[in-house]
Structure formats: structure tokens, C-alpha cells
Amino acid sequence: MDLTNPLIYGVPCFLAFILLELTYSKTHDNEDLYVWKDLMASGAMGIGSAILGPLVKVTVLIVVFNFTYELFNPMVDGVRMNIMGYESFGYAWYIFLICQLADDFTYYWFHRANHEIRLLWAAHIVHHSSDHFNLGTAIRNGWFTLLYKPFFYMWMPAVGFPVEVVIFCLAIESFWQFQLHSKYVPKMGWIEKIFNTHTMHQVHHSQNVEYLDKNHGGFLNIFDKLFGTWKELDDDVEVKFGVIHAPDSYNPLVILTHEFKDIWNDTKKSPKWSHKFMYIFGPPGWSHDGSTMTVKQQQRLFRKQKAENPEIAFSRPN
């Protein structure tokens, strides 16, 4: 079956919606929504991804997926059979729905790993490095994530989903993720009970301690709720977007590499190899001497202080 990858329409659609939101913000007294230097930095990240994406997809994604599919779903008497004994999945409409659900489950764990493993966070922090939340930020994507993302999804062609169906579902996920980056869409009632929405994604992009590492879902929020990472936007809490340790630069190369540089510097703080390992593969904020704290440590401290002295503003330990 020949499927057109929806992302071929992505660039013109993304640019059109960014320009629409930009124009609306400038004509409706919301001048601070977009900052030109910040938008240019995001644009540079997006252009880089648009250039590198097709190259990486041909050499990594397509090759890896096809190799995996062929290996685990060989032809037997003219029929594609999975090695576990059943006929590989076809192209029925319900297969697309099941594949989309499988994609969302995978995206949740891929996205969560990007926040909880520091080496992956060094690649993903690019997306969170802006202190502005808008559709321009949606295209600020790290280039290095392109190299390892396909390996999280290998299980899908392995169990029998056709490669083109998996890629199609990945593209649909990308479209949904793009449009989430807008502050102009309010809470949407019953929809919030099922889908990952714009206000939930504001939580995800916040650096408020209580919001850190929340709402990793793709288009559904069920996996966040199942695995304890869901949090609703509190209208009484002022959201501060961005990351705790921002690159403080609009230079694309600095934005792309600053966390890798910080990891390198941190590994030199201790001669123990176990400590060096944790600085690379442990959670962001981990330190051997307690000089910095992980998100979970910060949130425990936040809850303790809030219970003891709710009137005192929380002082961030990092």
C-alpha cells in the first residue's frame, strides 16, 4: 500500500499557522508572545530539522524499520508471517487506529525518557529552551533526537505493523504535537478527560517546580494518568516557561550543545566512574554531593515546605 507521509505538508502548514498566530498576537495587545530573536532561533532549529530529517529518516528510520519488519515478519508461502506465529497486520482501518494507539504509548515513554535520562535530555532540552510558549517554539527541535528516536519505535514493525503505517502514525503525532503549542486555546471541558490539550502542554513547558516532568503524552493523556505524570493547569498559578538552566543565548549552536557541555563539566567533578555514569545517564539534576537536585527531590522538598509553610514562596534549590 502506498501512503503519502502527511509531514510533506508540514512545513507550509507550520509556517502558515506561526504567521497567523504571530499576526494575531501583534494586533491583539500580546506583544510579548513572540520575541523576534527567539523566533529566529526556533526557526533555525526547525530549518535544521527539516534539512537533516529526510537524510536521517532514509538512513536510520526507514532502514531500521524495514530491517526490523523483514527480520520479524518473513514471507512464508507467499504470506507475511510474524515469527510469533500469526499473520502480520495489514491495512484495515482498525489497524491504523491500533497502530496510532501503539504510537502514542511509545511516544509517551520516548518523551518521558528524554526528561529522565540526562544524555537524552541534553538533546531534548533544545525544545524547552525558550521562555516563550507559542507555535514558533513547536519547531524548536533538537537535531540529535533524530538519531535515536527510531529505536524506541522498533517494536512496532517487529510485532507486524507495516512500516508505512508506522511512519504515517508518527506523522499524525507530529501534527498534533505542533498545534499544542498555543496559549490561545482554553480548557475544553470533556475533551480534557481524554486528550492531551494545549493547557496540559503549557504545564509540560513550565519550569514551575510542581509542573516539572509532567504531561509527556502525545495526543492522549491516559498514559500520564496511568503512570503518575499527569497534572492539570492551575489557573491560580503563574506559569513560567522554559528551563531552570537556560542557555541564555540565541545562537543555535549554543542552544544545541550547551547541556552536553554541562554534562562534560559535571563528569569532571568526581573521580569515581559510577558518579560519571550517573552524570551522563542518571536523571537531570543528579549530583554526587547533593549540590544540585533531581526533579523528584525538588518536588518532595516543595511539597514538604508547602505543607509546613504554605505562605512562604518556594526557593528553588538548584
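To be clear, the structure that these remarks concern was listed above.
Residues numbered from 1 in each chain as written. Predicted model: local features only at pLDDT ≥ 70, side-chain atom pairs only at ≥ 80, totals over all residues. Heavy atoms only, no water.

J.: Can you help me understand the overall build of the protein in this one?
T.: Counting its secondary structure elements, the protein contains 13 helices and two strands. Over its C-alpha atoms the protein spans a radius of gyration of 21 Å, differing by no more than 12% from the 20 Å that the globule rule assigns to 318 residues. When the backbone C-alpha atoms are referred to their principal axes, the protein occupies close to 70 × 55 × 40 Å. Looking at the protein residue by residue over its 318 residues, the buried ones come to 47%. In the protein, the share of contacts with a sequence separation of at least 24, taken over all contacts with a separation of at least 6, comes to 69%. Carbon and sulfur atoms provide 66% of the accessible area of the protein, an area that totals close to 16,600 Å². (Helix = DSSP H or I, 4+ residues; strand = E, 2+ residues; numbered from the N terminus. Rg over C-alpha atoms; globule rule 2.2 N^0.38 Å. Buried < 20%, exposed > 50% of the residue type's maximum accessible area, 1.4 Å probe, protein only. Contact = heavy atoms within 4.5 Å. Areas by Shrake-Rupley, 256 points an atom, 1.4 Å probe, with all protein chains shown as cover.)

J.: Please explain the environment of Ser287 as it appears in this structure.
T.: Along the chain, Ser287 falls in the loop between α12 (273–281) and α13 (295–308). The spacing of Ser287 and Ser129 is 158 residues in sequence and 22 Å in space, taken between C-alpha atoms. In this structure the side chain of Ser287 is engaged in a polar contact, spanning 2.8 Å, whose partner is the backbone oxygen of Thr292. (Polar contact = N/O pair within 3.5 Å; in protein donor to acceptor, adjacent residues only side chain to side chain.)

J.: What exactly am I supposed to notice about the environment of Pro317 here?
T.: Here Pro317 shows up in the segment after α13. In this structure Pro317 comes out as partly exposed when scored by relative accessible area, which is 30%. Once the C-alpha coordinates of Pro317 and Asp266 are considered, the two residues, 51 residues apart in sequence, prove to be 17 Å apart. Setting aside residues up to four positions removed in sequence, Pro317 forms contacts with Met293, Gln298 and Leu301.

J.: Can you walk me through helix α1 (residues 10–27) in this structure?
T.: Since one α-helical turn is 3.6 residues long, residues separated by three or four positions face the same way. Counted at 1.5 Å a residue, the expected span for α1 with its 18 residues is 26 Å, and the 26 Å between its end C-alpha atoms agrees. Inspection of α1 places Gly10, Phe14, Ile18, Glu21, Leu22 and Ser25 among the buried residues, and these make up the whole buried set. For α1, the arc enclosing every buried residue in end-on projection is 100 degrees, short of the 170-degree limit, so these residues lie on one face. Away from its buried face by more than 90 degrees, α1 exposes Leu19, Leu20 and Thr27. Just past α1, the residue Asp29 takes up positive phi, approximately 55 degrees. (Expected span 1.5 Å × (residues − 1). Arc of directions from axis to C-beta.)

J.: Quick question: what am I supposed to make of the packing of aromatic side chains here?
T.: Geometrically, a pair of aromatic rings is defined through the distance of the ring centres and the angle of the planes. What the rule picks out here adds up to 22 aromatic pairs. Where Phe110 meets Tyr148, the ring centres are 6.1 Å apart and the plane angle is 50 degrees; that geometry is what we call tilted. Here Tyr148 lies in helix α6 (residues 145–152) and Phe110 lies in helix α3 (residues 93–116), a separation of 38 residues in the sequence. Residues Phe110 and Tyr148 agree in their burial class; the two are buried. Among the aromatic side chains, those forming a connected cluster through ring pairs are Phe105, Tyr108, Trp109, Phe223 and Phe227. The residue whose ring lies beneath Lys225 is Trp230, and the NZ or CZ to ring-centre distance is 4.8 Å. (Phe/Tyr/Trp six-rings, centres within 6.5 Å; stacked < 30°, edge-to-face > 60°. Lys NZ or Arg CZ within 6 Å of the ring centre and 35° of its normal.)

J.: What's the story with a nonpolar patch on the surface in this structure? I'm lost.
T.: Taken together, Phe105, Trp109, Trp155, Ile222, Leu226 and Phe227 make up a surface patch of nonpolar side chains, about 550 Å² in accessible area. Within the residue set of the nonpolar patch, elements represented by two or more residues are α3 and α10 (222–226). Assignment of secondary structure puts Phe105 in helix α3. Classification of Phe105 by relative accessible area gives partly exposed; the value is 32%. (Patch = residues over 30% accessible without salt bridge, like charges linked within 9 Å, V, L, I, M, F, W, Y side chains within 5 Å. Salt bridge = Lys/Arg side-chain N within 4 Å of Asp/Glu carboxyl O.)

Any link to function would need more than the numbers given here.
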